[in-house]
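Understanding the architecture of this molecule
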Amino acid sequence: MGQTIVVLGAGVGGLIAANSMRLQLGQEHRIVLIEKSRDHTFAPSFPWVMTGYRTSGQITRDIRSLVRQGIEIVIDEAINIDCTKRVVSTKQKSFNYDYLVIALGADLRSELIPGLPDNAYTFYTLDGARKLHEALKNFKGGDIALVVSSMPYKCPGAPHEAAMLISSFFQRQSQSQKVNIHLFTPESQPMPVAGPQLGGVLKQMIESRGIKYYPFHKLASVDAENKELRFEGKTPVHYDMLIAIPPHRAPAVVLNAGITNEAGWIPVDGATLKANYKGVFAVGDITSLSIPGRWNPEVPMVLPKAGIFAHLEGEIAASQIVVAINNGKPAAQFSGIGYCIIEAGQGVAGLAYGNFIAEPHPQVLLRKAGRRWHIGRVLFEKWWLAPLTTRGSIFRHVLNAGTKIYKVPVKL
Ligand SMILES: Cc1cc2nc3c(=O)[nH]c(=O)nc-3n(C[C@H](O)[C@H](O)[C@H](O)COP(=O)(O)OP(=O)(O)OC[C@H]3O[C@@H](n4cnc5c(N)ncnc54)[C@H](O)[C@@H]3O)c2cc1C
C-alpha cells in the first residue's frame, strides 16, 4: 500500500532526504515537501557575499530546480505538528503522514539579547551578509568585534572563517592597518567539539592573521549609545563595528509541538535519526544529538549544527524510511564522520576532517591551509546549486574526485 512521507523544510537536510527517497521509492508512495520560502540559498557562501566574492543571485536558486520530479512541493509555512495524530498543518492545508522527516533548521533570534537587533551586522542571513559588505566597504577604521552571542550555533568554523576573510578583505585593499579584529565567544576554544589539538591549530591560524581571540565571553547586552559590549562577569568592551552570530532557537512550530528536549531541540537516535514518535525522524540543525562519552551537564557536547551533517543525516533518515517501507535489509547508520572547509582568505582554506563523535575523543584533524581546499569548496557550491538535471554528469565526477581527496588519511 502506498505510504505518505512528509518532509518539513527544503534546506540541506530536507532536500537530500526528499530527493534520496524519491530515487529509491516507487511512485505509489507519495512524498510531500513543505517549505515556506520559494528560494533556496546556500549559506556556506554567505561569508563570500560579505566580502563581495559572490552576489545574492549567484547563490540563490528556485527550490523547484533542486527537487526531483515526483515530489509534491508545497510552498507554505508549517504551523502545527501533531505526532500523536500523525498530521502536520500549514497555513492552507493539513497532511496526514505515515513517515515524517523534520528538517526545519534553526531560527535566528537577535531579540533575546538586549541591544543586539538594531546594532549588530550579521553574515548569518543573505540580506545581512549583503548589508555587511556595504558596511565593510565604508568602514573608516577601528575595532571590529565579531561576537558569537550564544551556543549552540550553526557551523562551528564560520566565526573563525569570517574573521579571517574580513582580515583578508582589508589586506587586499592595503587597509589592514586601520582595523583591529576581535573574536569573542562563550566557548573555551575554537571548535571545542573537534578537540583541543584542532582548536589549538585553528587558534594559531587566526592569531597569525592578527585577529585577537577571546574565549569564555558570554554576551549579556549591547550598549549602543556608548558602543560597548557587556559580557557576563567581564569589563565592558568598546567596539566601532559589531558583527554578531545571533542566538539560535528551534522554529516556533517545533517548540509548540512539545517534541523538544530541555535545551529546545529534537532529540534523536544518534545512529538512525529516529525521534521519540512513531514514524518521525529529524535531521540537521533542529536536532540535538548528544555525543556518547562526552556528555557533561555543565558543558553539553552535542554534534555541531552543520550542513555536512544535515546532508549525511538526510541520507540516513531516507534510507531508514525506504528500508522500513520495503521491509528491506538493515539501513545505513550515521557514523559521525564529516568535514568542514574553513576559508582563510587569499584564496586558501583549511580542512577539518574526521569522526566528530568518536569515543572517548573526537578524531578530527585540521589539514594545512591550501588552495585545493578552497577549490574544493567552490566546486561543492557549484555542484549543490546546479539544477538536478545536470548534476548527474560532470558534477558527479567532480564530487567523486573531491570525496576521494577528502578521504586521504589526515596528518597535521
Ligand atoms: C554563514 C554560514 C556559513 C555556513 N557554512 C557552513 C559550512 O561551511 N559547512 C557546513 O557544513 N555548514 C555550514 N553552515 C551551516 C549549514 O548551512 C546548516 O547547518 C544547514 O543549512 C542545516 O540544514 P537544515 O536542513 O537542518 O536547515 P536549513 O538548511 O536551514 O533548512 C531549514 C528549512 O526549513 C524552512 N522552514 C523553517 N521553518 C519553516 C516552517 N515553519 N514551515 C516551512 N518551512 C520552514 C526554512 O525556510 C529552510 O529552508 C553555515 C551556515 C551559515 C549561516
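Every chain begins its residue count from 1, and numbering advances along the sequence as written. Thresholds applied to this predicted model are a pLDDT of at least 70 for local features of residues and 80 or more for the giving and counting of side-chain atom pairs; totals over whole chains, interfaces and linings are not thresholded and use all residues. Processing note: side-chain calculations cover all non-hydrogen atoms of the structure and skip hydrogens and water entirely.

Looking only at helices and strands, one finds ten helices and 24 strands in the protein. For 412 residues, the compact-globule estimate of 2.2 N^0.38 gives 22 Å, and the protein sits close to it at 21 Å. Each of the three principal axes of the protein carries a C-alpha extent, and together these read 70 × 45 × 45 Å. When the 412 residues of the protein are sorted by exposure, 54% land in the buried category. Any two residues whose heavy atoms approach within 4.5 Å at even a single point are treated as in contact. Relative to all contacts within the protein whose residues are 6 or more apart in sequence, the contacts with residues 24 or more apart total 66%. The Shrake-Rupley method, run with a 1.4 Å probe, gives the accessible areas here. Residue values count only the displayed protein chains as cover. For the protein, the computed accessible surface area is about 18,300 Å², with 52% contributed by carbon and sulfur atoms. Counted charges follow a simple rule, with Lys and Arg positive, Asp and Glu negative, and His plus the chain ends left uncounted. To locate a charge, take NZ of a lysine, CZ of an arginine, CG of an aspartate or CD of a glutamate. Looking at the protein, you have 44 positive and 32 negative side-chain charges, and the mean spots of the two groups are 8 Å apart. Note on conventions: DSSP H or I runs of at least 4 residues are helices, E runs of at least 2 residues are strands, and numbering of each starts at the N terminus. What the globule rule says is 2.2 Å times the number of residues to the power 0.38, and the radius of gyration is computed from C-alpha atoms. Each residue is assigned to one of three classes by its accessible area relative to the maximum for its type, calculated with a 1.4 Å probe on protein chains only: buried under 20%, partly exposed between the two thresholds, exposed over 50%.

Our next topic: the domain arrangement of the protein. Assigned domains of the protein: these are domain 1 (4-106 + 250-334), domain 2 (108-248) and domain 3 (336-412). Boundaries between domains were set according to an automatic or database domain assignment. Look at where the C-alpha atoms of domain 2 and domain 3 centre, and you get two points 25 Å apart. The interface is formed by 16 residues belonging to domain 2 together with 18 residues belonging to domain 3. When domain 2 packs against domain 3, close to 1,400 Å² is buried across both sides, 68% of that on carbon and sulfur atoms. When two parts are put together, the accessible area they lose, computed with a 1.4 Å probe and summed over both, is reported as buried area. Interface area lost by domain 2 to domain 3 is led by Glu 161, Leu 198 and Met 205, which between them contribute 30%. For the purposes of these results, a polar contact is taken to be a pair of N or O atoms within 3.5 Å, where, inside protein, one atom must be able to donate a hydrogen and its partner to accept one; residues adjacent in sequence count only when each atom of the pair is a side-chain atom. Our count for the domain 2 to domain 3 interface comes out at five residue pairs in polar contact (both at pLDDT 80 or more). Residue polarity follows a fixed list, in which Ala, Val, Leu, Ile, Met, Phe, Trp, Tyr, Cys and Pro are nonpolar, Asp, Glu, Lys and Arg are charged, and the others, Gly among them, are polar. Each residue belonging to the side of domain 2 that touches domain 3 can be placed in one class, and the counts come to nine nonpolar, five polar and two charged.

Turning next to the pattern of salt bridges. Whenever Lys or Arg places a side-chain nitrogen within 4 Å of a carboxyl oxygen from Asp or Glu, that contact is recorded as a salt bridge. If you walk through the whole model with that rule in mind, you get 13 salt bridges. A salt bridge links Arg 109 to Glu 111; the nearest nitrogen and oxygen atoms lie 2.4 Å apart. Residue Arg 109 is classed as partly exposed on the basis of its relative accessible area, which comes to 27%. With its nearest N and O atoms 2.7 Å apart, the salt bridge here joins Asp 127 to Arg 130.

Locating Arg 54 in the fold gives a position in the loop between helix H2 (46-50) and strand S4 (60-62). Under the relative-accessibility criterion, Arg 54 is labelled buried at 9%. Among the polar contacts made by the side chain of Arg 54, one reaches the side chain of Glu 381 at a distance of 2.9 Å. Leaving out residues up to four positions away in the same chain, Arg 54 has contacts with Trp 48, Val 49, Ile 59, Val 378, Glu 381 and Lys 382.

All right, on to the confidence of the model for the protein then. Parts of the model with low pLDDT should not have their predicted coordinates read in detail. Per-residue confidence for the protein gives a mean pLDDT of 92, with 93% of residues at or over 70. Considering only residues more than four positions removed or in separate chains, one finds that residues 405-412, a stretch of pLDDT under 50, has 20 contacts. A residue's pLDDT is the confidence the predictor assigns to it, expressed on a 0 to 100 scale.

Here we come to the pairing of strand S15 (residues 228-231). Burial along S15 is one-sided: Leu 229 and Phe 231 are buried, and none of Glu 228 and Arg 230, which face the opposite way, are. Adjacent in sequence and paired antiparallel, strand S14 (residues 219-223) and S15 are bridged by four residues, among which Lys 227 carries a positive phi angle near 50 degrees. Bridge analysis of S15 against strand S16 (residues 237-238) gives two bridges, and the strand direction is antiparallel. If you follow Leu 229 over to S16, its bridge partner there is Val 237. Here, strands pair whenever DSSP counts at least two bridges between them. Taking the residues between adjacent antiparallel strands as the criterion, S15 and S16 are bridged by five residues, where Gly 233 takes a positive phi near 70 degrees.

Attention shifts here to the site of the ligand. Think of it this way: one heavy atom of a residue within 4 Å of a molecule or strand is enough to make that residue near it. The full set close to the ligand counts 30 residues, and Gly 13, Glu 35, Ala 78, Asp 285 and Ile 308 are the nearest of them. Take Ala 78: an N or O atom from its main chain is 2.8 Å from a nitrogen atom of the ligand. Within the backbone of Ile 308, a nitrogen or oxygen atom sits 2.8 Å from an oxygen atom of the ligand. Among the elements that line the shell around the ligand, the one with the most residues is helix H8 (residues 307-326), at three residues. Across the shell around the ligand, the residue classes tally to 17 nonpolar, six polar and seven charged.

This part is about the packing of aromatic side chains. Stacked, tilted and edge-to-face pairs are distinguished by plane angle, under 30 degrees for stacked and over 60 for edge-to-face with tilted covering the rest, among Phe, Tyr and Trp rings (Trp via its six-membered ring) whose centres lie within 6.5 Å. Enumeration according to the criterion identifies twelve aromatic pairs in this entry. Measuring from ring centre to ring centre gives 5.2 Å for Phe 169 and Phe 170, while their planes differ by 85 degrees; the resulting arrangement is edge-to-face. Put simply, a charge is over a ring when the Lys NZ or the Arg CZ is close to the ring centre, within 6 Å, and near the line of the ring normal, within 35 degrees. The positively charged end of Lys 305 is found above the aromatic ring belonging to Trp 265, 3.9 Å away from the centroid. Above the face of the Trp 48 ring, Arg 377 is positioned so that its terminal group lies 5.4 Å from the ring centre.

Looking now at the sheet that holds S16. Read across the open sheet, the three strands follow the order S14-S15-S16; overall the sheet is antiparallel. At either end of the open sheet lies a strand with only one pairing partner, and these are S14 and S16. Sheet analysis places S14 next to S15, joined by four bridges and oriented antiparallel. Counterpart to Leu 219 in the pairing with S15 is Phe 231.

Another point: the nonpolar core. What is meant by a nonpolar core is a set of buried Ala, Val, Leu, Ile, Met, Phe, Trp, Tyr and Cys residues, joined one to another through side-chain atoms within 4.5 Å. Counting residues in each nonpolar core, the largest one holds 120 residues, and the members touching the most others are Met 21, Ile 102 and Phe 123. Beyond its immediate sequence surroundings of up to four residues, Phe 123 is in contact with Phe 46, Pro 47, Met 50, Ala 129, Leu 132, Leu 146, Ala 158, Pro 159, Ala 162, Ile 243 and Ile 245. In this structure, Leu 219, Val 222, Leu 242 and Ala 244 belong to the second largest nonpolar core, which totals twelve residues.

Under this scheme, a helix contributes an axis fitted over its contacting stretch, all axes are lines through C-alpha atoms, and angles between N-to-C directions fall in the 0 to 180 degree range. Contact geometry of helix H4 (residues 126-137) with helix H5 (residues 158-172) gives a least axis separation of 11 Å together with a crossing angle of 40 degrees. The orientation of H4 with respect to H5, classified from their angle, is oblique. Regarding H4 and H5, the two cross each other, and that crossing is right-handed. In contact with His 133, Leu 136 and Lys 137 of H4, H5 contributes Ile 166, Phe 169 and Phe 170. Of the residues that constitute the contact of H4 with H5, the class distribution is four nonpolar, one polar and one charged. Reported orientations rely on four angle classes, namely roughly parallel under 35 degrees, roughly antiparallel over 145, roughly perpendicular from 65 to 115, and oblique for the rest. Handedness of a helix crossing follows the sense of rotation of the near helix relative to the far helix, less than a right angle counterclockwise being left-handed and clockwise being right-handed.

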